[in-house]
Structures are given as C-alpha cells and as structure tokens.
Amino acid sequence: MRALVFAGERRLEWQERAALTVQGDLEAIVRPIASTTCDLDRRILTGRSPFAPPFDIGHECAAEVLAIGDKVRKVKPGDVVVVPWHVACGICRACVGGLPAHCEAMGRLSGYGVPIAGDWGGLFSEEVRVPFADGMLVPVPDGLDPVAVASASDNLTDAYIGVRRGLAKHPGARVLVVAGVESLGLFAADHALAAGAEGVDYVDADARRRSVAEGLGARVFAGLDPGFDRRYRVVIGASRDPADLKAALMALAPGGHCSNLTMFFGDTLMPLWEMYLRDVTFSIGLPSVAPHIPAVLNLARCGHIHPERLVQVIDWNDACEGLLEPHLKPVMVRPRLLA
Ligand SMILES: [Zn+2]
Ligand SMILES: [Zn+2]
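Calculation rules
Residues numbered from 1 in each chain as written. Chains lettered and ligands numbered in written order. Predicted model: local features only at pLDDT ≥ 70, side-chain atom pairs only at ≥ 80, totals over all residues. Helix = DSSP H or I, 4+ residues; strand = E, 2+ residues; numbered from the N terminus. Buried ≥ 20, exposed ≤ 12 C-beta atoms within 10 Å, placed from the backbone. Contact = placed C-beta atoms within 7 Å. Pairing = 2+ DSSP bridges. Axes fitted to C-alpha atoms, helices over the stretch in contact; angles between N-to-C directions. Domains from an automatic or database assignment. Nonpolar A, V, L, I, M, F, W, Y, C, P; charged D, E, K, R; others polar. Core = buried A, V, L, I, M, F, W, Y, C linked by C-beta atoms within 7 Å. Right-handed = clockwise from strand over helix to strand, strands pointing away.

### What about the overall build of the protein chain?
A tally of regular secondary structure across the protein chain gives 10 helices and 16 strands. Counting only C-alpha atoms and orienting by the principal axes, one finds that the protein chain spans roughly 60 × 40 × 40 Å. Looking at the protein chain residue by residue over its 339 residues, the buried ones come to 51%. Pairs at least 24 apart in sequence give 69% of the contacts found in the protein chain among residues at least 6 apart.

What follows is the structure, given as structure tokens:
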C-alpha cells in the first residue's frame, strides 16, 4: 500500500509501505475511499503551520472495512464507515463522558495525520489501522454518498458541535459566523440553519465562499461593520485572524455564546473587559467528534445539511497535485474494492 506524506511546503509524496494486517481482537483495517483536507491541512500544505515535515497526512475520510479482529461486532468487511480523526477506545471515562479526543486508554492526545497526536498514520493513506473498531467507526447509512460526508471525521462534525453549544442555550437565535477558513464557517452556517436558527449572517472576505454561503441561505457580508456590535446571542468564530476573533466577541449580545472552531497556535489577546460587561460564554477546543458523527450523517442523509456543495472530486492518483489546488474541500476518491 502507499502512504501520502507531507514532504515540505506544497510537496506531497506517495511512499510504498507494507500492507497492514489485523494484529488485535478489537482492530479493523480500513481502506479510505473518499479522503479530504481539514482546514488545518490547508495551512500545513502551504507551510503555514508549526508542524515540521515529513509526516503522514490526512485525518478526514470515509473508508471501506477490509478486515476485522475477532471481537469486532459493529462493522464487517465491505461496510463503508466514517473514521473519526481521533483514536479512542470508546469505553473509558473520557470516552463515555463525551471526550474521546482525550481517551484515557491512549495515555495522550492520539489521532491521525497530525504530528501532535501520536503515530497512527494518515487518512490519505491507502490502508489505515483502527485499533478500536467498535469504539471509533461509524457506518455510513445506505443512500448517503460517502464523498459528501468524508469531512464528518472532523470539520463537518466540529461545526455541528460548535453550533449546538450556542443554539442549545439560545434556540432559534440569529447566528453570526465570522469566517476566514475554507470549510468550517460554511459548515457552521449550514448546521445553524438546519438547527432552526432564525437566520445566519455570514462574514467572509472571500467572495467564492460568500457565494456558497448565500446558496445555503445565509445573508452575506464582506466585512464586519460597527452595526454588528452587541447584536448576536450566538456567534461562531471560524477565522484564524485574532482581529476577527475580537470582532466576533464584540458582536456578542449580553448572555451570548461564542464557539470558536479554529486553532490559534499561541497566546491571543481577547477583549476580556468587553466580554465581562456582556456576561458571555466562550468555548474552544479540540473536537471530540465520534459521539456526534451519527447525528451529522443523518442530517446529511435527510438533506438538512449540504456538505456536498463544498466538494471538488479529484482522482485518488492525482492527490499530490489536486490537494494543493485552492478548493474548499478537495476529496480524493477511488472505487470500492469489496462492493
Ligand atoms: Zn482537522
Ligand atoms: Zn477511551
């Protein structure tokens, strides 16, 4: 099998590796069939992350199950599944408590395709080891195109979690999305409308993404104007620019909630006095996606969310070039083996 390796700024390389075999009762070996870039990968590929090459890249995919260990019950060879970005047992206190990204069985942050989370390989590789198949893998329902939901491994579900945090406190509120990355802001806008928000105001300097947001039903703005100040009970931060984060927080109404979906790789100033005056809540964190993937897949199956609108399909064998194109969600696709 081949593994796709991030070799340096704008450089991806296939490397030959030994085929994987099942080594434990709880494991599965899966074969990604639709893999896509996380917004973080876009930063990594263009040399704008702190992560030094080389490493196996990719942590969003749908895959077919190739082989399973003797004690795996939830999936069987030939099933199509979403593979969560994090590696987790599914039964420890952290996993049962809803935080599988912090699984106690792994002893440390553990996941695919990023050199901060162990060494499990990447989901752009042709075979992947899943150490806890029943605790991790989520079957894709019949009738749902795995290409559309490859991002349920991370970004698509991350946006669902962030939107729910705000709208659970303020059902039906109008939502402000302050966007500056490829997919998280658009996914958040889509989830907010599906969750019954009165409407979504989507702010993004990028005209192409504004056009997609408009198609999803959002009101779009190229920048934040002073009229946004203190207006929103639910705000989504989806930009890596600290100035955008500040503007998003200043848009909070008293009692409001801001969920920030992007990573800041260092200390970042926040307008704490203005936040204090508004009595607001701020949430940010590594997304524990596995428990939420079934709900996200159902929303897609029923047509309540539209992740396929961000997808640009590229051939598996063209990944080294295709993943570098400025697509919103380039999905590298290949045929199933066991269908
Ligand atoms: Zn990610
Ligand atoms: Zn666990």
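Picking up where we left off.
### With respect to the environment of Met332
In this structure, Met332 sits in strand S16 (residues 329–333). In this structure Met332 comes out as buried when scored by C-beta crowding, with 26 C-beta atoms within 10 Å. For the pair formed by Met332 and Gly322, sequence separation is 10 residues and the distance between their alpha carbons is 8.0 Å.

### So, the pairing of strand S5 (residues 61–68)
Among the eight residues in S5, six count as buried, and that is most of the element. In terms of strand pairing, strand S3 (residues 28–36) meets S5 through seven bridges, oriented antiparallel. Its bridge partner lying in S5, Pro32 is registered against Ala63. As judged from the four bridges shared by S5 and strand S6 (residues 80–83), these two strands associate in the antiparallel manner. Considered in S6, the bridge of Ala62 is made with Val82.

### Quick look at the sheet that holds strand S11 (residues 219–221)
On the basis of which strands lie adjacent, the open sheet formed by six strands has the order S11-S10-S9-S12-S13-S14 and parallel pairing. Looking at strand neighbours, the two that pair on one side only are S11 and strand S14 (281–284), the edges of this open sheet. For this sheet the average axis-to-axis angle between neighbouring strands, irrespective of direction, equals 15 degrees. Bridge count for strand S13 (residues 252–260) against S14 is four bridges, and the pairing is parallel. Across the sheet, Ser259 pairs through a bridge with Ser283, a residue of S14.

### Describing the domain arrangement of the protein chain
Split into domains, the protein chain comes out as domain 1 (2–153 + 288–333) and domain 2 (156–284). The gap between the C-alpha centroids of domain 1 and domain 2 is 26 Å. Taken residue by residue, the interface counts 20 residues in domain 1 and 20 residues in domain 2. Of the residues in the side of domain 1 that touches domain 2, the class split is 12 nonpolar, four polar and four charged.

### With respect to the sheet that holds strand S4 (residues 55–56)
Spatial ordering of the open sheet is given by S2-S1-S4, a layout of three strands whose pairing is antiparallel. Every other strand in the sheet has two partners, leaving strand S2 (11–16) and S4 as the edge strands with one partner each.

### Structural notes on the nonpolar core
Within the largest apolar cluster, 110 residues are counted, with the highest numbers of intra-cluster contacts made by Ala62, Val81, Val83, Val177, Ala188 and Ala189. A total of seven residues in this core trace back to one element, the largest contributor, which is helix H5 (residues 184–194). Once residues lying within four places of it in the same chain are set aside, the contact partners of Val83 are Val30, Cys61, Ala63, Leu123, Val128, Val130, Met136, Leu137 and Ser153.

### Points about the pairing of S13
Where burial is concerned, most of S13 is hidden: seven out of the nine residues are buried. This β-α-β element, strand S12 (residues 232–238) to helix H7 (residues 242–250) to S13, shows right-handed connectivity. Read from S13 through helix H8 (residues 272–278) to S14, the crossover connection turns out right-handed.

### Focus on the environment of Gly185
Topologically, Gly185 is positioned in helix H5. Residue Gly185 is classed as buried on the basis of its 30 C-beta neighbours within 10 Å. Taking the C-alpha atoms as reference points, Gly185 and Val333, 148 residues apart in sequence, are found 24 Å from one another. Ignoring sequence-local partners within four residues, the contact set of Gly185 consists of Val177, Ala179, Tyr202, Asp204, Ile236 and Ala238.

### Quick word on the environment of Leu245
Relative to the assigned elements, Leu245 resides in helix H7. The buried category is assigned to Leu245, around which 25 C-beta atoms lie within 10 Å. Along the chain, Leu245 and Asp158 lie 87 residues apart, while their C-alpha atoms are 17 Å from each other. Excluding its chain neighbours within four sequence positions, the residues that come into contact with Leu245 are Gly237, Ser239, Asn260 and Thr268.

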